[in-house]
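Notes for the structure review
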Amino acid sequence: MLKYVLKRVLAALITLFVLVSVVFFMVRVMPGEPFTSAKLTPAVAANMEKYYGFDKPLPVQYVQYIGKLLQGDFGYSMKYTNRTVNDIIGETFPFSADLGIRALVIAISFGLVLGIISALNRGNKIDFICVIIAIIGTSVPDFIMGAFLQYFFGIKWGLLPIAQYKGFEYTILPSVALAFFTLASVSRIMRSSMLEVVGQDYIKTAKAKGLSDLRIVGRHQIRNAIMPVITMLGPTVAAVLTGTFVIESIYAIPGMGKYYVESVSTNDYSMILGMTVFYGAFLIICNLIVDILYGIVDPRVRIATPVEDS
Amino acid sequence: MKKKLISLLLAGVLAFGLIGCGVYEQDGAAAAAGAADSQSAQAEGGEETAAEETGSTAASEKVFRYSETQAPTSLDPIKANCIEDNEVGHMTQECLVRNTAGNVEPGIAESWETSADGLTYTFHLRDALWSDGEPITANDFVYGLRRLMNPETASPYAFIGEYVKNGAAVEAGEKSVEELGISAPDDKTVVIELENNTPYFLSLIGSSCQFCPQRQDVVEKYGADYAATADKSIYSGPFVMVSSENQQYVFKKNENYWNAKMIKLDGAVLNVIPDQSTALAMYESGELDFVKLPTEQVANYDDVDHEYMNGNEDFIYINEDCDNKILKNKNFRLALNYGIDRNTYITLATNGVYAPCNALVMPLVSGAETTYGEEYKVESFPMDGDNELAKQYLETAMKEEGISDPKDIKVEITTTDVEASKIIAEVVQELWTQSLGITVTVRQVTYADIYGSVFPNGDYEVGYGGWGPDYSDPYTYLELFKSDCAYNYSNYKNDAVDKLLEDSKSETDVKKRMDMLNSAEKMLLDDGALVPLQLRQQHYLLNEKITGMNFFFCSINTDWTYAEYAE
Amino acid sequence: MGENGKEMTRDMFVIRGKNVNKMETMSRPNISFWQDAWRRLKKNKSAFTGLVIVVIYSLLAVFAPMFSRYGFSDMDPNSMNALPSLVHWLGCDSTGRDLWVRIWMGARVSLTIGLSAATINMCIGAVIGGLSGYYGGKLDMVVMRIVDILYGIPSLIVTILVMVVIGRGIATLIIAMCIVGWIGTCRFVRGEVYRLKNQDFVLAAKVLGVKNLSIIIRHIIPNIMGLLVTNLCMAIPGAIFQEAFLSYIGLGITPPNCSWGILAKEGIKMLRVAPHEVLIPAFFICTTMLALNLLGDGLRDALDPRLRGSEG
């Protein structure tokens, strides 16, 4: 197991390096320039390019960038001219992570419960209601969900604060709005997965053995059905924790999402790369954890041991 | 196994709770009032009472709370690059003079003289202090301007210093910064030499924070990190910034400001609220004192809203250098202009909120004595459009170009991904299709693309763009169509216009100069060089208790320097 | 067994006549796999409702704009933000364009893009994920690292670059969505295959000498069909809104064309002024998803080989 983890960590570092390199060159071929303003004169543009080292050949810039990256330095943002990307990530990530964790806790706990209830009541009214909730959750986008929750709970009924992130009650609406899609996905996948499992032989065996329904559901069905949910959650966790543009903008939360999206549309090269490395590292870690969890949750699966080296 | 899952879940909940105690924002209003107890908002439990307390301190402490959709890009006044940056600079730094809603008042300079040729300005400084108590000297202004024009600083707005003698050459690295036309004969005198006669120079330096003094020791202490955050800077203006964290910028009255007795507010808080409807809701619940209204909401606030012109004029550039030959035809360009019913356009695209516009120069800019709009009535395309005339021009153009069916004429409008720009392009597309019967398509590109490559490289046919003036003079708009101007995105070249604009630079008679500029504008409109659309009329809501706000259309929109909070 | 436990003998039976013609006929009509599936689908009430909704929406998308008296791009200053009425069945948007026509024009784009992008993604993802999970080892390691990289690249950059290379349009949009869209399905199919490949029925097939590919197609994929269908149904709204986002930054369809996602995006701005402008597109997106989900569940049951011939 340890050997496997070490191997994966090494692979992760290589993956991250490739990711940075690919994105480094990709952003340079994107149309547009990082310095954009209706009032930018060629002389000013030339000075700014020199300031950020763009006057050097691209391979030299690449080597310099990687050199700085190894020291953990993402460089200065090109839009926010005197702030470093490290500084911006350091300031915004705690907010995104806080919001993300709340949303994930809501999404996973309620999603699993909803999915299980739905599957156990297959075909009857309860199932139908759960399915409708899940479908609304997956087909109503975050910008509508966020705006509606804000309108009703914040503005119309005045039950909760409208925006910003200044205390526990401020976190409720954005985390529920953010959780909804994941909640719905988890419950849909859990339901389907439970239904796949229910027809399997070992469930029949368990029934034949005379195990109580509760034990069957608990020990066999859920445990076997939860894997697809975990698979799905890997990238979701990374995405949710590193900031979501729409919810953060509706609720004026000072998180990372805004910078991530904005950097691409303003060609802020150093910001794009910094955010990509940060998010990429997060994602790779999440996926690694998922792969390890396969082995823990389902003992028959041993992804961890490289059995087949054919 | 289930136990493991449950414990995992529990761990999550625990993390949820733990982090929940850590990261909340401070209440900005309370911070502005210098209340340390705002920290209590972070403490576990009791948040509600904490919030209430801070709310009450805010009310008694006269703090102006407002919002912007965009965060300032830089707190370094030398690198200020947009209205948001410049507004912050205007509040926290003091230039030689202060421009309040178009009126030039003394700033650090008590008095000044202008030479007869209008090329040399001599400023006499008063005794004034930095926020740390050090005196502001003439050398601080020299250092500031040199830093602005120094190529190594790479200020995105350096072009604004090109009015100063040798400005452009220093910016391009052709001359050393010492050769810049600014000097300090003694600690209390600043002499600025200009490249050309610039009648609007005082107005310009009073509203552009790039001309503010700079403290060499502080700038050098922080280097590239200068003004990265509120505490890494030093202030000369009416307010100091005490915090710039978490999309909230907190200002406090500068007790060392030379004119501190005129400043009535204790402080202010700028909240960055990206979503305009969110900001509006916060205003309604009393969390903000000032909010700009999105156009679709204006009708709901008919009696209580106010308005000001923010100086932005929107028009359609016609690229004279593109492959679409018909756009080189003057009659076709006129057909495009007469083919738009600007009143209908305003109704459809802006809910009737903005002002329709059929000229290039915004009427509120200074004229010879009063405003340009009062002195010169520009007669051009009727606001309601003129379909008959448009068709006539179109037919003439089609004959000249040998085209028989208007449908064969294809015009592509390039616009940005900004939400308002899309609807504008759609409305223009519809109006031209209806009135002229030509085929109009819309192409959307990102903002980085349009000013990064599409406009500068002339890679478009007609494009939706706009212009915000840097100073109150018709030249700021007319310059866009001067052939050697860096922002001449339509590649327009008309020798007569060029000559008039060039000659206006050396004309010292104010009235004659204005006449020249007006003739140039007429020529541009007669030639159909652009399709003017609208002037942005910004509607806003303001807390009734607040008076003394100023609004301006150049570089600074909202000026709360002299705002007062009634008891 | 005979009476009283006596042994049965041949003379106990009598031939009552032999009809050679009848011998070869079947008592029940021969039904193919698809006929059986269709029969089961029809019996499934909720699935059938879903099918009916999908068919009605598709027909309306094709025909409604043709028979309306309003053009989908006609603006009318007098009916800006008009509420639903007899004149404008679904009201008008902020520039006075008839929403009934725009909804069905938008349906053409959204249904095409949503269905095709989601289906293509599912197919690519299932194949790559299936192979990667089944063979495991080095192949799996490499594929999963590629997946990590693709996940890490901001998808907007990929889309912009695709557009630079092949130009704008619906095809571009679908291609751009597919370049990174398959990785979700891929990871998930791979995970499922890992789980299933050591199970008895797969081992049994292996022992019997069934080829690997045929094990994946005949034994593993049918077992995860339900999850695939669920995934597909969830991917469709994602694709619809991604299209809206991309169109907004100029990478998708061009104005005055519209899609459901664009209508919803334009409508949300008007939430406090004219809420019907966001509620109507949201309603159609939700009901379509509901219909597709019901249909999907029904199809899954109908196509499930384990349930074949049963009345379930």
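This structure is a prediction, so every number in the text was calculated from the model and none was measured.

1. Looking at the packing of helix H10 (residues 330–338) of chain B against helix H13 (residues 387–401) of chain B
Residues and elements named next belong to chain B. Interaxial distance between H10 and H13 falls to 8 Å at its minimum, and their mutual angle equals 160 degrees. Judged by the inter-axis angle, H10 sits roughly antiparallel to H13. Regarding H10 and H13, the two cross each other, and that crossing is left-handed. In contact with Asn331, Phe332, Leu334, Ala335 and Tyr338 of H10, H13 contributes Asn387, Leu389, Ala390, Tyr393, Leu394, Thr396, Ala397 and Glu400. In terms of residue class, the contact of H10 with H13 is built from nine nonpolar, three polar and one charged.

2. Details of helix H17 (residues 495–504) of chain B
All names here are of chain B. Inspection of H17 places Val497, Asp498, Leu500, Leu501 and Ser504 among the buried residues, and these make up the whole buried set. Take H17 and look down its axis: the buried residues cluster within an arc of 165 degrees, on one side only. Exposed and facing more than 90 degrees away from the buried side of H17 are Asp495 and Lys499. On its buried side, H17 packs onto helix H16 (475–478) and helix H18 (510–526). In this structure Asn494 caps H17, since a side-chain oxygen of it lies 3.1 Å from the backbone nitrogen of Ala496.

3. Brief notes about the interface of chain B and chain C
Across the contact, 26 residues belong to chain B and 25 residues belong to chain C. Summed over both partners, the interface of chain B with chain C comes to about 2,200 Å²; 53% of that surface belongs to carbon and sulfur atoms. In this structure, the connection of chain B to chain C is made through three salt bridges. In this structure, Arg97 of chain C engages Glu426 of chain B in a salt bridge whose closest nitrogen and oxygen atoms are separated by 2.7 Å. Run the count over chain B and chain C and you get five residue pairs in polar contact (both at pLDDT 80 or more). Of all elements in the fold, only helix H9 (276–284), helix H11 (342–350), helix H14 (419–436) and strand E15 (439–445) of chain B reach the threshold of two or more residues within the side of chain B that touches chain C. If you tally residues by element for the side of chain B that touches chain C, the top one is H14 of chain B, at eight residues.

4. Things to note about the confidence of the model for chain B
Averaged over every residue, the pLDDT of chain B is 88; residues scoring 70 or more account for 89%. Scored as a whole, the predicted complex attains pTM 0.87, and scored at its interfaces, ipTM 0.89.

5. Section: the interface of chain A and chain B
Across the boundary between the two partners, chain A contributes 57 residues, which contact 71 residues of chain B. Summing both partners gives a buried area of about 5,500 Å² for chain A against chain B, and 60% of it is carried by carbon and sulfur. When the area that chain A buries against chain B is broken down by residue, the three leading residues are Lys39, Asn82 and Lys166 of chain A, summing to 14%. There are one salt bridge connecting chain A and chain B. Here the side of chain A that touches chain B gets nine residues from one element, more than from any other, and that element is helix H4 (residues 85–120) of chain A. Within the side of chain A that touches chain B, the residues separate by chemical class into 27 nonpolar, 18 polar and 12 charged.

6. Structural notes on the pattern of salt bridges
On inspection of all chains with the given rule, the structure shows 35 salt bridges over all chains. Lys165 of chain B is the salt-bridge partner of Glu193 of chain B, the closest N and O atoms lying 3.7 Å from each other. Of this pair, Glu193 of chain B sits in strand E7 (residues 189–193) while Lys165 of chain B sits in the loop between helix H5 (138–149) and helix H6 (167–171), placing them 28 residues apart in sequence. Look at Lys165 of chain B and you get partly exposed, because its relative accessible area is 35%. Note that Glu284 of chain B and Arg272 of chain C form a salt bridge whose closest N and O atoms lie 2.9 Å from each other. Here Arg272 of chain C lies in the loop between helix H11 (260–268) and helix H12 (276–303) and Glu284 of chain B lies in helix H9, a pairing that spans two chains. Here Glu284 of chain B falls in the partly exposed class, since its relative accessible area comes to 41%. The network of salt bridges with shared partners includes Lys422 and Glu426 of chain B together with Asp93, Arg97, Arg102 and Glu266 of chain C.

Scoring rules and cut-offs
- Residues numbered from 1 in each chain as written.
- Chains lettered and ligands numbered in written order.
- Predicted model: local features only at pLDDT ≥ 70, side-chain atom pairs only at ≥ 80, totals over all residues.
- Heavy atoms only, no water.
- Axes fitted to C-alpha atoms, helices over the stretch in contact; angles between N-to-C directions.
- Helix = DSSP H or I, 4+ residues; strand = E, 2+ residues; numbered from the N terminus.
- Parallel < 35°, antiparallel > 145°, perpendicular 65-115°, else oblique.
- Left-handed = near helix turned anticlockwise from the far one by under 90°.
- Contact = heavy atoms within 4.5 Å.
- Nonpolar A, V, L, I, M, F, W, Y, C, P; charged D, E, K, R; others polar.
- Buried < 20%, exposed > 50% of the residue type's maximum accessible area, 1.4 Å probe, protein only.
- Arc of directions from axis to C-beta.
- Polar contact = N/O pair within 3.5 Å; in protein donor to acceptor, adjacent residues only side chain to side chain.
- Buried area = accessible area lost by both parts, 1.4 Å probe.
- Salt bridge = Lys/Arg side-chain N within 4 Å of Asp/Glu carboxyl O.
- pLDDT = per-residue confidence, 0-100.

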